[in-house]
Structures are given as C-alpha cells and as structure tokens.
Amino acid sequence: MSQEKLITAENIANRKNFLEFSEVDVEILGQIHRYLEHNEAIVDSFTDSFYRHVFSFPELKMMLPDEASVNRLKKIQSRYFFRLTAGDYSEDYVSDRLKVGYAHQKVGLEPKWYIGAYRKYLSSLLPILHEIFGDDSTKLIAAYDAILKVVFFDMDLALDTYFHSGMRKLLRLANYDSLTGLPNRNLFYDRLAQEIKKAQRDGSSLVLLLIDLDQFKEVNDTLGHPSGDLLLVESARRIRKCVRDADTVARLGGDEFIIILPELHMQTHVERIAQNIIQVLSKPYQLDNDTVHISASIGITVYPGDAQDIASLLKHVDQAMYAAKAEGRNRFGYFTQSMQQEAREKQELTNDLRQALARNELHVYYQPILELKSGSITKAEALLRWKHPTRGMVSPAIFIPLAEESGIIHEIGDWVFQQAVARVVDWQERLGRIIQVSVNNSPIQFEYPERQVWQKQMKELGVPGNRINVEITEGLLFKKSAKTMERLLDFRNSGIEVSIDDFGTGFSSLSYLKQFDIDYLKIDRSFIKDLEKNADDRALTEAIIVMAHKLGIRTIAEGVETEVQRDLLKSCDCDFVQGFLYSPAVPAVEFERMIAGKQPT
C-alpha cells in the first residue's frame, strides 16, 4: 500500500490536533498569503535567498548541475512557499507533499537537509512577518506560531516518506532473498499458511515442489562462491518461468527452492511442470568464462492428501526429494507413506548409533593385506562393524551414511583411529610385527582440517607416521577444495601415507594423482571380479598398475577371491592384494593369529 493511501483524512486531522492547529491559525496564514499574492517579488527574492544558502553546500550543489534545472526548481519552490500559507492542508496537499518527498529521495537528498531548509525558511520569513504585522508583538507571535505549526506539519510529512521507505526496505529484507529476489523462507511460510486456509475454505488442493540443485556444491567448491551465486540467480529465473504468476517460487536457502502450486487438480499438470523445471535446469550455464552443467532432484507432496499441516508437508516433500536424489538424481518423485516409515526407522537407527559407542556395540575388524612377492601380511585395513543388540550385525553400507549425515562420523572416526594406532603399538611390542593399518577417512571428516588429533596422538605414543595409511575416495580429490588440500598436506607432513580407495570407479585423473602426491591406488573389486574372463578388465587393471608405477605409486588389488586372480595380478606386477582368498575382515584376536603364523579357528 502506498504512503499516500496510508495518510487518510482522519490521520491528517489527528496530526493537526496534535499541533494545536486551529481556524485562528488558518485566518492568520490567510493574511500572510494575501500579502504574498500582491508582492510576488518578495517570494522570488525569498526563493533566491533560499537557493544561495542551498548552493553554499557542495553536496547539494552537485545534485543540481545545470542552470535550467535550477530555474525549474526555483519556480516549483516559489509555488511551494506560496502554497504553504494557503490554509488548505487537505488530502490533495498531503499527496503532493509526499510525492515531492519521494522525488527528493530519488535524487539522493538526505533527511538532514530538510531540517536546515525549514530553519532557513523560518529565518527568512521573519522580516516579512514584521512588515505585515508591524510592532504588534501579540499578532507577530501568533503569526509566527501559525507558521511554525504548518512548517512542522509539512516537515513531518516530508520525513515520513523516508521512514516508510526504510520500512519498505526492511520488510523486503525480512521477506525476500537478497540474492535471487525470490520470497524467502519467512514469506514462504506465510503464503503457504494462506494457501492452506484458502484450500480449506474451497475444498481444493495444493501441491508443493521442493527442488534441490544436484552438483551445486561441486560448482561452489571448484569455481568459487561468486560463480555459485550466478548459478543460483539464473536457476531462480529459469524456475520462475516454468510456473504461473499466481504460483509462489521461494528460496529456502542454499541450493533449495520450493514452489506452491495452488488449485492444481490434474496430476499430469504437476508432472509437466516438474519435468519442465528439470529440463530447463539441465541446460548449460555460462558463468563468466566457465560453462557448467547441473541437474535437479524434485520432491512432490500434496495437500490435503499427504498431510494437513505445514510441518508435515515440508517433512514429506523433503523425504520425496531425497528419495529422487537417491534414485539417481535429475528426476522427480512423489511422497509415499512408505517414505514416512523409512524415515522413522532411519531416525531410530541414527539414535541407536549415537549410543553405540558408549554401549560398546562398535568393533574394529581387520582385513589382511599381503605383499604379492613375499606372500606375507604387511598391512591391514581397519573396518568398522556394528553389532546392534536387537538387529544383529548392521551393514556398514547402512550405518556409515547415517553417521555422515548426523555428524557422528567425527567421533566414530576418531575412535577407529585410536583403536588402530593402539593395535599397531601392541602388535609391535608383543609380536614384534610392524603392520601398517589403513583407516578409511570420510569426506565429511575433511571439512575440519584444523582437527589434528590423529597426528598428536601418534606423536604422543611415538608411532611413526607411516604406520598409518588413510584411505580416501577419488571424488574427494576431484572437488579440489582448500580444506582437502590442507588436510592431505597435514598427513604428508606427519608421514601418514594416503591411498585412493576404489580407484577406477570415479573421477580418475592423472593430474590429481600427481598434484596430491598419493602413495597407493586400491584397484576396485569390479575390475578384479571378472579378471579371468574379461580381457578388457585385464587390460584396464594392467594399465592402472603400469601408470601407477610410472608415477611412483604402489598398487593394492581389492576383492581377490581366487588363485587365478592372484596369479594374473602377480604377472601384472601388482604390489599388494586383499580379499576373501586370504581372509575376510576379522576381529583383532583372529588377525593376531594370522600374523603370528597360526590359522584362525
């Protein structure tokens, strides 16, 4: 609503009453007005004097650079001074005064200049009042009081324009995303509540679409936040063009957008909109000198079919979006009740995992890694196992992602490392065996490069850095973030060796291997599985080994299950092997029997 509409006749009357503006004041101002009508030269002289004062300030003079503009403003100002004593201060006068105030804001005039201008006006008016009323002090004081009232009334209106403009800016900041210009979370909640009430009255439905930009984090990490911001702005523009004017597109934060589609009765219409959004977001983005591609995962939920309250609707649409992402991204999916059950079970399992360490339910198993030439166990991979009191053994493929999502991975990861270091020390002291233990490091753990508890613990125990090997994924190197580089440098400086796990299944790149100074490549089991029958797998495996050796990197083949696989790897000059041919991951006690030369029971 405009400021002119906010100041009603009642509001004007209240302001006048507060200033004690009376009919007597109107009559006195009328006398002044009639005098000025017959003495226009006085008004012109008064205006000239006013502008000489204004132009004595360089900041103000810069706003009026040419003479034509000055002359035009002088005429407007003369009419304004003349109208100030006319006695008619109705809604039309107020509307005109507010328009002048907004115009002053557009040229950059600050409120402080108003106070000085009104002071100059009152000072210049005193000789005129004396000329009209002579030495009659009673009439002179009454006239000056009437002028003061109308000037303060006018100044109040002028300053109001600044106040309400500021309020509008604050409201916009509170309700709109400063980057994309879309409604933010606050305004989204308000609009969703309104649409739900409307749907309740009409007996209609509404649809929510939650959009998550796949690969956005990679763009942000590799190209920087300015490029990420450009991508978000362009994505917002593309999404907005896919919906109707009556629909709400909001940015919830990060790379998540949400859409309210009221009064959509056909499922085909919803799916057409979702598919259209996926298509437009998958088109190339030109971000300065870089061209990037992303995709989108969209969750869909329906009111009132899926839920009747805002919290449940948002929970459901979030579950649907993550299900679409888990199914391969670049797609949309509807909320189903089975998702609710899965989410509930996931939350229960996460809560149990938080207690697992304190309840001694977590155990570290060790899988032997053998040097191919000698056939001896020289290394081991530490693998976490969870024996749940009611569910039994929970697969790492289930609980590791939960640990990463919930942040528990940091505590668990540190504990696994402590166990591994303790075993390294124990096996050397009791059995005289030097075994290097590999510990898997989650990408989530690399988000805190300042945490050097591992290096500190090894130093306190006097354990050389090369007794521990940290296993990371190729994807971590592909992101090439400063945090990753800092953490890897810390490992290198501490003597801790680094392996790339599951090599060949991700973003394999020679430049990353060279840049990050990797010690080992662990050839993924998918290459080893059909090594005997598939010539392509044999060729790729041999190529990886040759390439690694040329770069001074040693190789470890994972998933070795047969003697034929072992012999083929030996002929390719692979350095180390691990797999069920030798042993699965076993508790520490059983692993000790192996390195002591005894068969496991």
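Residues numbered from 1 in each chain as written. Predicted model: local features only at pLDDT ≥ 70, side-chain atom pairs only at ≥ 80, totals over all residues. Heavy atoms only, no water.

Asks: Could you give an account of the pattern of salt bridges, with specific residues and numbers?
Replies: Applying the stated criterion across every chain yields a total of 21 salt bridges. In this structure, glutamate 263 engages lysine 198 in a salt bridge whose closest nitrogen and oxygen atoms are separated by 3.4 Å. One end of the pair, glutamate 263, is in the loop between β3 (256-262) and α13 (267-281); the other, lysine 198, is in helix α10 (residues 185-202), and 65 residues separate them in sequence. Look at glutamate 263 and you get partly exposed, because its relative accessible area is 38%. (Salt bridge = Lys/Arg side-chain N within 4 Å of Asp/Glu carboxyl O. Helix = DSSP H or I, 4+ residues; strand = E, 2+ residues; numbered from the N terminus. Buried < 20%, exposed > 50% of the residue type's maximum accessible area, 1.4 Å probe, protein only.)

Asks: Mind laying out helix α4 (residues 40-54), listing which residues take part and the relevant values?
Replies: With 15 residues, α4 should reach 21 Å at 1.5 Å per residue; the first-to-last C-alpha distance of 21 Å fits that figure. Regarding α4, the residues found buried are Val43, Phe46, Thr47, Phe50, Tyr51 and Val54. All buried residues of α4 lie within an arc of 130 degrees about the axis, which places them on one face of the element. Facing away from the buried side of α4 by more than 90 degrees, the exposed set consists of Ala41 and Arg52. (Expected span 1.5 Å × (residues − 1). Arc of directions from axis to C-beta.)

Asks: Tell me about the packing of helix α12 (residues 225-240) against α13, and please be specific about residues and values.
Replies: Packing of α12 against α13 brings their axes to within 9 Å, and their N-to-C directions diverge by 145 degrees. When you trace α12 past α13, the crossing you get is right-handed. Each of Ser235, Arg238 and Ile239 in α12 lies in contact with α13, whose residues at this interface are Ile277, Val280 and Leu281. For the contact of α12 with α13, the class distribution of residues is four nonpolar, one polar and one charged. (Axes fitted to C-alpha atoms, helices over the stretch in contact; angles between N-to-C directions. Left-handed = near helix turned anticlockwise from the far one by under 90°. Contact = heavy atoms within 4.5 Å. Nonpolar A, V, L, I, M, F, W, Y, C, P; charged D, E, K, R; others polar.)

Asks: Help me get a handle on the pairing of strand β13 (residues 497-503), residues and values and all.
Replies: Judged by how many residues are buried, β13 sits mostly within the fold: six of seven residues are covered. By the bridge criterion, five bridges tie strand β12 (residues 468-473) to β13 in an arrangement that is parallel. Bridging across to β13, asparagine 469 finds its partner in glutamate 497. (Pairing = 2+ DSSP bridges.)

Asks: Lay out the nonpolar core with the relevant residues and their values.
Replies: Of all hydrophobic cores here, the largest spans 70 residues; its most connected members are Leu353, Val437 and Ile468. With nine residues, the top contributor of residues to this core is helix α17 (residues 409-431). Residues contacting leucine 353, with those up to four places away along its chain left out, are Leu362, Trp386, Phe399, Leu402, Ala403, Ile408 and Ile412. Trp113, Ala143, Ile147 and Val150 belong to the second-largest nonpolar core, a separate cluster that totals 37 residues. (Core = buried A, V, L, I, M, F, W, Y, C linked by side-chain atoms within 4.5 Å.)

Asks: Kindly report on the packing of aromatic side chains, identifying the contributing residues and their values.
Replies: If you walk through the whole model with that rule in mind, you get nine aromatic pairs. With a centroid separation of 5.8 Å and an interplanar angle of 55 degrees, the aromatic rings of phenylalanine 188 and tyrosine 189 are classed as tilted. Residue phenylalanine 188 is classed as buried on the basis of its relative accessible area of 0%. For tyrosine 189, a relative accessible area of 31% translates into the label partly exposed. For the ring pair phenylalanine 332 and tyrosine 334, a centre distance of 6.4 Å and an interplane angle of 85 degrees mean the geometry is edge-to-face. Taking the relative accessible area as the measure of exposure, phenylalanine 332 reaches 23% and is therefore partly exposed. Above the ring of phenylalanine 576, the side-chain terminus of lysine 379 is found at 4.9 Å from the ring centroid. (Phe/Tyr/Trp six-rings, centres within 6.5 Å; stacked < 30°, edge-to-face > 60°. Lys NZ or Arg CZ within 6 Å of the ring centre and 35° of its normal.)

Asks: Explain unusual backbone geometry residue by residue, including any values.
Replies: Look at the link from tyrosine 303 to proline 304: it is a cis peptide, with omega at 5 degrees. Its identity as a non-glycine residue notwithstanding, asparagine 330 has a phi of 55 degrees, on the positive side. Note that asparagine 330 resides in the loop between α14 (310-326) and β7 (331-334). Given the relative accessible area of 39%, asparagine 330 is considered partly exposed.

Asks: Summarise the sheet that holds strand β6 (residues 295-303); cite the residues concerned and give the values.
Replies: Pairing between the strands of a sheet is mediated by backbone hydrogen bonds and can be parallel or antiparallel. An order of β2-β3-β1-β6-β7 is seen for the five strands of this open sheet, with the pairing classed as mixed. Both outer strands of the open sheet, β2 (248-253) and β7, are each paired with one neighbouring strand and no more. Averaged over all pairs of adjacent strands, the angle between strand axes in this sheet comes to 20 degrees, irrespective of strand direction. Bridge count between strand β1 (residues 206-214) and β3: seven bridges; the pairing is antiparallel. For leucine 209, the partnering residue across the bridge sits in β3 and is isoleucine 259.

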